[in-house]
Amino acid sequence: MRFEPDEKGPLGKLFAPVAGFGVTISSVFKPMVTEQYPFEKVPTQPRYHGRHQLNRYADGLEKCIGCELCAWACPADAIYVEAGNNTPDAQYSPGERYGRVYQINYLRCIFCGLCIEACPTRALTMTNEYELTSPERAELIYEKQDLLAPLQEGMLAAPHPMVAGVDDDYYYRGEVTAPTEEQVSWVREHRPDDPTLQGARARAGEGASR
Ligand code: SF4
Ligand code: SF4
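Rules of the game
Residues numbered from 1 in each chain as written. Chains lettered and ligands numbered in written order. Predicted model: local features only at pLDDT ≥ 70, side-chain atom pairs only at ≥ 80, totals over all residues. Helix = DSSP H or I, 4+ residues; strand = E, 2+ residues; numbered from the N terminus. Rg over C-alpha atoms; globule rule 2.2 N^0.38 Å. Buried ≥ 20, exposed ≤ 12 C-beta atoms within 10 Å, placed from the backbone. Contact = placed C-beta atoms within 7 Å. Near = placed C-beta within 6 Å. Nonpolar A, V, L, I, M, F, W, Y, C, P; charged D, E, K, R; others polar. Arc of directions from axis to C-beta. UniProt positions renumbered as here; feature names shortened; annotations may be inferred. Pairing = 2+ DSSP bridges.

A.B. asks: How would you explain the overall build of the protein chain if you had to name every residue and give the values?
C.D. replies: Each helix and strand in the protein chain was counted, giving eight helices and five strands. Written out in order from the N terminus, the α and β elements of the protein chain read α-α-β-α-β-β-α-β-β-α-α-α-α. In terms of overall dimensions, the protein chain is more spread out than a globule: its C-alpha atoms have a radius of gyration of 27 Å, far above the 17 Å expected for 210 residues. Principal-axis analysis of the C-alpha atoms gives the protein chain an extent of 90 × 40 × 40 Å. For the protein chain, the proportion of its 210 residues judged to be buried stands at 25%. Sequence-distant contacts, at least 24 apart, represent 73% of the contacts inside the protein chain between residues at least 6 apart.

A.B. asks: Give a detailed account of the site of ligand 2, specifying residues and quantitative values.
C.D. replies: C64, C67, C70, C119 and L124 are the nearest of the 14 residues found near ligand 2. Class assignment for the residues of the shell around ligand 2 results in ten nonpolar, three polar and one charged.

A.B. asks: If you had to explain helix α7 (residues 181-190) to someone new, which residues and values would you point to?
C.D. replies: For α7, the full list of buried residues reads Q183, V184, W186 and V187. Mapping the buried residues of α7 onto a view down its axis gives an arc of 160°, with all of them on the same face. Next to the buried residues of α7 lie α8 (197-203).

A.B. asks: Break down the UniProt feature "binding site: [4Fe-4S] cluster 2" (unreviewed entry) in the protein chain for me, citing the residues and quoting the values.
C.D. replies: Residues annotated in UniProt with the feature "binding site: [4Fe-4S] cluster 2" (unreviewed entry) correspond here to C74, C109, C112 and C115. Over a stretch of 42 residues, the named residues converge on one spot in the fold, their C-alpha atoms separated by at most 10.4 Å. Relative to the helices and strands, C74 is located in the loop between α3 (69-73) and β2 (79-85). Residue class for C74 comes out buried when judged on the 20 C-beta atoms lying within 10 Å of it. If near-sequence neighbours (up to four positions away) are discounted, C74 is found in contact with I79, L114 and C115. Looking at the element boundaries, C109 is found in the loop between β3 (97-105) and α4 (114-118). Residue C109 is classed as buried on the basis of its C-beta count, with 20 C-beta atoms lying within 10 Å.

A.B. asks: How would you sum up the UniProt feature "binding site: [4Fe-4S] cluster 1" (unreviewed entry) in the protein chain? Please name residues and give values.
C.D. replies: Mapped onto this structure's residue numbering, the UniProt feature "binding site: [4Fe-4S] cluster 1" (unreviewed entry) falls at C64, C67, C70 and C119. Of the residues just listed, which span 56 residues, no C-alpha pair is farther apart than 10.4 Å, and they cluster in one region. Residue placement: C67 occurs in the loop between β1 (52-54) and α3. With 17 C-beta atoms counted inside 10 Å, the residue C67 sits in the partly exposed group. Positionally, C70 belongs in helix α3. Not counting residues within four places of it along the chain, the set of residues in contact with C70 comprises I79, C115, A118, C119 and L124.

A.B. asks: Can you tell me about the sheet that holds β3, naming the residues and giving the values?
C.D. replies: Overall, antiparallel pairing links the three strands, which are arranged β2-β3-β5 in an open sheet. The open sheet has two free edges, formed respectively by β2 and β5 (141-142), since each of these has just one partner strand. With seven bridges connecting them, β2 and β3 associate as antiparallel partners. For A83, the partnering residue across the bridge sits in β3 and is G99.

Okay, here's the thing in structure tokens:
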């Protein structure tokens, strides 16, 4: 059966020739909105998916353990991870392994967030930063140093040993809240000029509650 539209009433017939201008005419009376970007940036929604961030624990160790689950979860093949072994002289994250090489290719990323869902340690999250442009393609491949969260006040730069007497589960449960005296002493011995020593020393001792 062929579809036939309803017959127009008298008013419908009267305005039919100008009905197509309805949206245009109604817009004339609305206030104009001119975005002043990039001089005035409009805040994003709190859960906006922007640039990724590799997070740290409160003592400064990295959360990434180099497991590659984020890379496997990525539908755009935008993440490349190579793990390295932590050693007593170079402990970057709790446990045996850390992310030695970590790259995200923002020419491929579609900001779906599947990678952050896959991460078992909440090492990988997404910020609200959306200004990801460059005239050079190579500059849109972000390396680990571009993605690592900055050291907060009181954190001790990695590498340094884990909090003494605790295992990586303690870290995963968020029980480490600051560097300990032992960690500060280790860094003072191995990197006496480390600029994070001073702030970490002030907070040392609050590190782990058992
Ligand atoms: S946000 Fe999506 S596309 Fe981008 S790196 Fe993560 S999983 Fe891949
Ligand atoms: S960011 Fe998370 S999922 Fe990706 S390698 Fe590191 S720990 Fe594994």
